[in-house]
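Structure at a glance
One-letter residues, chain by chain:
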Amino acid sequence: MNIVRSLLSCRAHVAFAFAFACALAAVPSHAQNREESLTLGVVTFLSGPAAAASGIPGRNGAELVINAINEGRLPAPYQTMGLGGAKIEPIYLDEAGGNAKAVTETRNLVERRGAKIIAGFISSGACQAVAPVVEELKVLTVFATCGTPRIFEEASRRYVFRSMGHTTPDGVAAARYLAQRPDKVIKFTGINQNYAFGTDAWSDFSAATTALVPGAAASDKPQWPKFLAGQYGTEISALQLDESNLVYSSFWGGDLEAFVLQAGARGLFQQKLTMLSFGADAYDKLGNRMPDGIIVGARGPYGLLVRDRNTALNRWFVEQYNAKYGEYPNSAAYHYAQSVLAVKAAYDKAQRKAGRAPSVDEAVDAMIGMEFESFSTTVRFAIGAGHQAVTENGYAVTKFDTANNRPGLTDIKFFPASCLFPPDGVAAEQWLKTGLRDSKC
């Protein structure tokens, strides 16, 4: 009898062990493969002249969204917690210090600190330097702001994405805006920072304006102050003497605010129609110290230039940002928040397809060609072989809202992505030389 009981007991243990092994084999659908956390590096200017106007708001936008993802507090359709259930462990890095430092910090972030995802970068130069490095390291990287279109024109990328438009649609939207205004732009000049972003912005605007505004011609004396120069008296005098009736500038950050105050004091805005592609951010900071009648943009439908402020996602973002940081989110805050949201959207899409927590490579596959609703607009990774996002873009005219004591805008116009971006596979510079061939407005 004891022998029989022993045999039965042995069989029971074997059966249990077999069942347990089978159960473990079935778990990969979620628990076994899911990482408890994913390290995400957020790179932005945390020090230096660019920090206050762009870097810190960018960090704040990313931080707000990361915390909400970890707690499952984002509005639908992003209300699930984490990235495939994994909590985001953020590391915030200072972009200040140049391109060589950006490359070194990126390698350290991945190789020593275990980052699987990177979001951020404001500088075009840093993005160009870092892009081949993150490809080598095979880390999902979403550029948040940097403007150069060359990121996806000069090389094929797998792990690199940009979640907002590049510089070209800023200039094209500006030209289309001018073409619809009653002002007759006879000649235009500009003041732009003398580095990659400034030269690209002026080149794009000049090409688009001469193509789209009848009779418009560029001055041969645009002004090129050094990046972060801070004082623009000489340049403002030159602009006032120029026969052009329009001044265009892609200034941003502290340079933009300084220029507006100095030019306003010297009467430039009364003498010349002025267009500032980043002007909405300065307006938000300067308020009624920025004169009425200046044409402003926000490098896309962000900040003061959000088309529909009443969507659930935008209301959440504005209310939560204001509650936490005590101010309205500017375009940099939107840019960075959007880069993190793109990661969340890709992980959610990959998880639906796989039926389990996705790997980083599965999230990369999901992001290629992805379309998602962001806080301010619909974003489509439509060019750059599905890695470069396209969105609408708009401009407006400053008119301070004295009744409510806040910045106000008038004559707001938005243009769809179809008439702002080159076709996929066509370099922006070549597209502009063709007179914006195949654009559809």
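Residues numbered from 1 in each chain as written. Predicted model: local features only at pLDDT ≥ 70, side-chain atom pairs only at ≥ 80, totals over all residues. Heavy atoms only, no water.

Bringing the pairing of strand S14 (residues 393–398) into the picture now. The buried fraction of S14 amounts to six of the six residues, a majority that puts the element mostly inside the structure. Inspection of the sheet shows strand S10 (residues 295–296) paired to S14 by two bridges, in the antiparallel sense. Bridged to Ile295 within S14 is Val397. Bridge analysis of S14 against strand S15 (residues 409–415) gives five bridges, and the strand direction is antiparallel. If you follow Val397 over to S15, its bridge partner there is Thr410. (Buried < 20%, exposed > 50% of the residue type's maximum accessible area, 1.4 Å probe, protein only. Helix = DSSP H or I, 4+ residues; strand = E, 2+ residues; numbered from the N terminus. Pairing = 2+ DSSP bridges.)

All right, on to helix H6 (residues 196–212) then. The end-to-end C-alpha distance of H6, which contains 17 residues, comes to 24 Å, matching closely the 24 Å that a straight helix rising 1.5 Å per residue would cover. Of the residues making up H6, those classed as buried are Phe197, Gly198, Asp200, Ala201, Trp202, Asp204, Phe205, Ser206, Ala208 and Thr209. (Expected span 1.5 Å × (residues − 1).)

Moving on, we come to the state of the cysteines. Scanning all chains against the criterion turns up two disulfides. Each disulfide pairs two cysteine sulfurs, and for Cys127 the partner residue is Cys146, the sulfurs being separated by 2.2 Å. In this structure the cystine formed by Cys127 and Cys146 twists about its S-S bond by roughly -100°; its chirality is therefore left-handed. Taken as a pair, Cys127 in helix H4 (residues 124–137) and Cys146 in the loop between strand S4 (140–143) and strand S5 (160–162) lie far apart in primary sequence, 19 residues in all. Take Cys127: its relative accessible area is 0%, and that puts it in the buried class. Covalent S-S linkage joins Cys419 and Cys441, the inter-sulfur distance amounting to 2.4 Å. With the S-S bond torsion at 115°, the cross-link from Cys419 to Cys441 turns out right-handed. Of this pair, Cys419 sits in the loop between S15 and helix H14 (428–433) while Cys441 sits in the segment after H14, and the two are 22 residues apart along the sequence. Exposure remark for Cys419: the relative accessible area of 0% places this residue in the buried category. (Disulfide = S-S within 2.5 Å.)

With that settled, consider the packing of aromatic side chains. According to the stated counting rule, one finds 22 aromatic pairs in the structure shown. With centroids separated by 6.2 Å and ring planes inclined at 45°, the aromatic side chains of Tyr177 and Tyr395 adopt a geometry described as tilted. Of this pair, Tyr177 sits in helix H5 (residues 168–179) while Tyr395 sits in strand S14, and the two are 218 residues apart along the sequence. Assessed through its relative accessible area of 1%, Tyr395 is described here as buried. Ring geometry for Phe372 against Phe381: centres 6.3 Å apart, planes inclined by 25°, an arrangement best described as stacked. With respect to burial, Phe372 and Phe381 carry one shared label: buried. Between the NZ or CZ atom of Arg59 and the centre of the ring of Tyr92, over which it lies, the distance is 4.1 Å. (Phe/Tyr/Trp six-rings, centres within 6.5 Å; stacked < 30°, edge-to-face > 60°. Lys NZ or Arg CZ within 6 Å of the ring centre and 35° of its normal.)

So, on to the sheet that holds strand S7 (residues 217–218). Remark on secondary structure: sheet strands pair via backbone hydrogen bonds, oriented parallel or antiparallel. If you walk across this open sheet you meet the seven strands as S7-S6-S8-S9-S10-S14-S15, and the pairing is mixed. Each having just a single partner strand, S7 and S15 make up the two edges of the open sheet. With two bridges connecting them, strand S9 (residues 273–276) and S10 associate as parallel partners. Within S10, the position partnered with Met275 by the bridge is Ile295.

Attention now goes to the nonpolar core. One finds Phe259, Phe317, Met367 and Phe375 to be the most contacted residues of the largest nonpolar core, which totals 85 residues. Top contributing element to this core by residue count: helix H12 (residues 331–354), with 11 residues. Of all hydrophobic cores here, the second largest spans 31 residues; its members include Ala174, Phe205, Phe415 and Phe421. (Core = buried A, V, L, I, M, F, W, Y, C linked by side-chain atoms within 4.5 Å.)

Glancing now at the packing of H5 against H6. Interhelical geometry of H5 versus H6 gives an angle of 30° and a closest axis separation of 8 Å. In this structure, the crossing between H5 and H6 has a hand that is right-handed. Of the residues in H6, those touching H5 at Thr168, Gly171, Val172, Ala174, Ala175, Arg176, Leu178 and Ala179 are Asp204, Phe205, Ala208, Thr209 and Leu212. A per-class count over the contact of H5 with H6 returns eight nonpolar, three polar and two charged. (Axes fitted to C-alpha atoms, helices over the stretch in contact; angles between N-to-C directions. Left-handed = near helix turned anticlockwise from the far one by under 90°. Contact = heavy atoms within 4.5 Å. Nonpolar A, V, L, I, M, F, W, Y, C, P; charged D, E, K, R; others polar.)

The N-to-C vectors of helix H7 (residues 233–241) and helix H8 (residues 253–265) enclose an angle of 55°; their axes lie 10 Å apart at closest approach. Of the possible angle classes, the one that applies to H7 and H8 is oblique. Crossing geometry of H7 relative to H8 is assigned as right-handed. Contact residues: Gly233, Ile236 and Leu239 in H7; Phe259, Gln262 and Ala263 in H8. Residue composition of the contact of H7 with H8, grouped by class: four nonpolar, two polar and no charged. (Parallel < 35°, antiparallel > 145°, perpendicular 65-115°, else oblique.)

Turning to the confidence of the model for the protein, a few remarks are in order. Low-pLDDT portions of the prediction should not be read for the details of their coordinates. Overall, the predicted model of the protein reaches an average pLDDT of 91, with 92% of residues at or above 70. Taken as a whole, residues 1–32 scores under 50 in pLDDT and shows 11 contacts with residues more than four places along the chain or in a different chain. (pLDDT = per-residue confidence, 0-100.)

So, on to the side chain of Asn330. Counting through the fold element by element, Asn330 comes out in the loop between helix H11 (312–325) and H12. Within the local environment of Asn330, its side chain forms a polar contact with the backbone nitrogen of Ala332, the two atoms lying 3.1 Å apart. Within the structure, Asn330 has its side chain in polar contact with the backbone nitrogen of Ala333 (distance 3.0 Å). In this structure, Asn330 is in contact with Ala53, Pro57, Asp281, Asp284 and Gly303, ignoring residues within four places of it in sequence. (Polar contact = N/O pair within 3.5 Å; in protein donor to acceptor, adjacent residues only side chain to side chain.)

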